[in-house]
Amino acid sequence: MKLTSSALGAVGASVLLATGAGAIDVDVTSTDSIKNAAKLAAAGMTKWYTGYRPGDVAGNLPDPYYWWECGAMFNGLIDYWYYTGDSQYNNITAQGLEHQIGDYNAFMPQNQSKSLGNDDQAFWGMAAMSAAENKLPDLGDDQPSWLGLAQAVFNTQAERWNDKKCGGGLNWQIYSFNKGFNYRNTISNGCFFNIAARLYKYTKNETYMDWAEKVWDWELSVKLFDLQDGGYHFYDGADENINCTEVNHIQWTYNAGVHLAGAAAMFNATSSDEWKTRLSTVIKGLDVFFKDGVMYEVACETGGTCNTDQRSFKAYLSRNMGYSMVTAPFTQDLLKEKLTTSAAAGAKQCTTSGDEATCGLKWTNNGQNDGSVGVGENMAVMEALQNLLFASVSGPVTEAAGGISKADPNAGAGATTTTVVFDEVTAGDKAGAGILTTIVLVAIVAGAWWMVA
Ligand SMILES: *[C@@H]1O[C@H](CO)[C@@H](O)[C@H](O)[C@H]1NC(C)=O
Ligand SMILES: *[C@@H]1O[C@H](CO)[C@@H](O)[C@H](O)[C@H]1NC(C)=O
Ligand SMILES: *[C@@H]1O[C@H](CO)[C@@H](O)[C@H](O)[C@H]1NC(C)=O
Ligand SMILES: *[C@@H]1O[C@H](CO)[C@@H](O)[C@H](O)[C@H]1NC(C)=O
Ligand SMILES: *[C@@H]1O[C@H](CO)[C@@H](O)[C@H](O)[C@H]1NC(C)=O
């Protein structure tokens, strides 16, 4: 594998927190209390974002955050507004998304090319999808619509489907000169599945359904996920140089999360027993991510090796548990308690100061903030809290029922055929890889019990 550990060197901000500050005090049975708690977490998260300031770049977080995480954060803020009704961040959200649209209206800004993976692009695409589903007003002024942006991401990725090796699948990277191109990672394929499924639910255009089925079947065929103990377990990826015959079995919350929501969307749109079973089976596999009922990042949290990207992953499992409970109400019995216990534990370890909270990484820490703080840590707690409000929303709109974002089925055209010119990445360059899946961590955690061989 080609990634070097230097690429994983993003060091977390570790700060000593003032003692004596309070924890987020949340009553998980009270809507107002949950909203208040989510508000504190949102305020703590956005304090790291300065892109709206004059002279700063909208839609970018400062180092050490990669570009994708800002898109993920905006997705969190769109949902924050949707669940809590607090619109105070809608202006910076719309501004940030607009600024990163890029040349083909497909979230492929040229100056992110060196780290632009399909997964990175997709996190922005999923934010646009959420904006359409939640009826965030379109940008207007000749800008593409939210739905059109999600369709553009879908169209550009469908073009990249690569059956020269492995019988299909998306490569991790968009550009073959980027390190990690040969890796077929589960998150890239899972996000593509997620967007296809939600576009199908939204538009009822069967092309999207066909793609969602195709990605799901392909991932299963090369065992990017498989059935273990009655549940689906989602792994990290496989190398096309060996035709995907070996799979890296590390399990991350976000891989399960994006598939969970995609399966829920497919179930909602089809009402089929097949998708109901698949969705239930995804949920059965989630136990690996819970310790005493509390969510944790099993691959890195206990060992303290979670990198900056990974410290945000619990946000995407929480987000998609909420999405599942809204769009597939039968899953509430399976997910509600897990999310409630996790949100309460997550909130308890945050440290409040005035009207914001600073959260640590470990929710299993008996209410102690572990001092690993940042955008990801706060986003994860915010998502766990706000998604507890699933019962108070009417659910994602569709084209036929309430949707206001304009469709553009051919959005993103030209993006894959036009050659973008930029500096060659030289051998000496560090992998500027977007979402670093953890090939390197294999060495660190090999033999851990949860790595199903
Ligand atoms: C965004 O709107 C909020 C009020 O909703 C306001 O307090 C804030 O200053 C605005 N931010 C920017 C950057 O305009
Ligand atoms: C990337 O390009 C955009 C649009 O040309 C520009 O506004 C922005 O400042 C650039 N971002 C960075 C991080 O250089
Ligand atoms: C590569 O894997 C695909 C899918 O599993 C399979 O159909 C194909 O025959 C394999 N190719 C080679 C050369 O083994
Ligand atoms: C689809 O989602 C809506 C909420 O958005 C929900 O009311 C409906 O019951 C769901 N359909 C199915 C089949 O679960
Ligand atoms: C359905 O989606 C496909 C793929 O994007 C597109 O080519 C086609 O025009 C769409 N059909 C309709 C009726 O919008």
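Residues numbered from 1 in each chain as written. Chains lettered and ligands numbered in written order. Predicted model: local features only at pLDDT ≥ 70, side-chain atom pairs only at ≥ 80, totals over all residues. Heavy atoms only, no water.

Participant: How would you sum up the state of the cysteines? Please name residues and give values.
Facilitator: The full count for this structure, using the stated rule, is 3 disulfides. One disulfide bridge connects C166 with C244, the sulfur atoms lying 2.1 Å from each other. Negative torsions about the S-S bond denote left-handed disulfides, and the value of about 80° found for C166 with C244 makes this one right-handed. One end of the pair, C166, is in the loop between α5 (146-160) and β1 (183-185); the other, C244, is in the loop between β4 (237-239) and β5 (247-248), with 78 residues separating them in the sequence. (Disulfide = S-S within 2.5 Å. Helix = DSSP H or I, 4+ residues; strand = E, 2+ residues; numbered from the N terminus.)

Participant: Got a sec to walk through the site of ligand 3? Specific residues and values, please.
Facilitator: Surrounding ligand 3, one finds C166, G167 and N243. With respect to ligand 3, the side chain of N243 contributes an N or O atom lying 2.5 Å from an oxygen atom. In isolation ligand 3 offers 360 Å² of accessible surface; the protein chains occlude 29% of this area. (Near = heavy atom within 4 Å. Polar contact = N/O pair within 3.5 Å; in protein donor to acceptor, adjacent residues only side chain to side chain. Areas by Shrake-Rupley, 256 points an atom, 1.4 Å probe, with all protein chains shown as cover.)

Participant: Describe the site of ligand 4, and please don't skip the residues or the numbers.
Facilitator: Near ligand 4 the following residues occur: F267, N268, S271, V326, T327, P329, S394, G395 and P396. Between ligand 4 and N268 there is a distance of 2.3 Å, counted from an oxygen atom to a side-chain nitrogen or oxygen. Between ligand 4 and S394, the relevant distance is 3.4 Å, taken from an oxygen atom to a main-chain nitrogen or oxygen of the residue. Going through the elements one at a time, α8 (253-270) and α10 (313-327) are the ones with two or more residues in the shell around ligand 4. Taken together, the residues of the shell around ligand 4 sort by class into 4 nonpolar, 5 polar and no charged. (Nonpolar A, V, L, I, M, F, W, Y, C, P; charged D, E, K, R; others polar.)

Participant: Break down the packing of aromatic side chains for me, citing the residues and quoting the values.
Facilitator: For the structure on display, the rule yields 30 aromatic pairs. Ring geometry for Y80 and Y89: centres 5.9 Å apart, planes at 55°, overall tilted. For Y89, a relative accessible area of 9% translates into the label buried. Consider the rings of W161 and W218, whose centres lie 5.8 Å apart with planes at 75°: the pair is edge-to-face. Here W161 is found in the loop between α5 and β1, whereas its partner W218 is found in helix α7 (residues 206-221), with 57 residues between them in sequence. Judged by relative accessible area, W161 falls into the buried class, the value being 13%. Aromatic ring contacts, followed pair by pair, group Y49, Y52, W67, F74, F107 and W124 into a single cluster. The cationic tip of R198 hangs over the ring face of Y323; the distance from NZ or CZ to the ring centre is 5.2 Å. Of note, K314 hangs over the ring of W363, and the distance from its end group to the ring centre comes to 4.8 Å. (Phe/Tyr/Trp six-rings, centres within 6.5 Å; stacked < 30°, edge-to-face > 60°. Buried < 20%, exposed > 50% of the residue type's maximum accessible area, 1.4 Å probe, protein only. Lys NZ or Arg CZ within 6 Å of the ring centre and 35° of its normal.)

Participant: Could you give an account of unusual backbone geometry, naming the residues involved and the relevant values?
Facilitator: Following D63, the chain continues into P64 via a peptide bond in cis, with omega recorded as 5°. Unusually for a residue other than glycine, N243 sits at a positive phi of about 55°. When you line up the elements, N243 lands in the loop between β4 and β5. Looking at N243, the relative accessible area reads 43%, which means it is partly exposed.

Participant: Could you give an account of the packing of helix α2 (residues 67-84) against helix α4 (residues 118-133), with specific residues and numbers?
Facilitator: Relative orientation and spacing of two packed helices are given, respectively, by the angle between their axes and the distance between those axes. Where α2 meets α4, the axes come as close as 8 Å, and the angle between the chain directions of the two elements is 15°. One finds that α2 runs roughly parallel with respect to α4. The hand of the α2/α4 crossing is left-handed. Judged by residue contacts, W67, W68, C70, G71, A72, F74, N75, I78 and D79 of α2 engage D120, Q121, F123, W124, M126, A127, S130 and A131 from α4. Class assignment for the residues of the contact of α2 with α4 results in 11 nonpolar, 4 polar and 2 charged. (Axes fitted to C-alpha atoms, helices over the stretch in contact; angles between N-to-C directions. Parallel < 35°, antiparallel > 145°, perpendicular 65-115°, else oblique. Left-handed = near helix turned anticlockwise from the far one by under 90°. Contact = heavy atoms within 4.5 Å.)

Participant: Tell me about the packing of α8 against helix α9 (residues 273-284), and name the residues and values.
Facilitator: At a closest axis distance of 9 Å, the pairing of α8 and α9 adopts a crossing angle of 155°. With respect to α9, the element α8 is oriented roughly antiparallel. When you trace α8 past α9, the crossing you get is left-handed. For the pair α8 and α9, the contacting residues are A256, L260, A263, A264, M266, F267 and T270 in the first and W275, K276, L279, V282 and I283 in the second. Split into classes, the residues belonging to the contact of α8 with α9 amount to 10 nonpolar, 1 polar and 1 charged.

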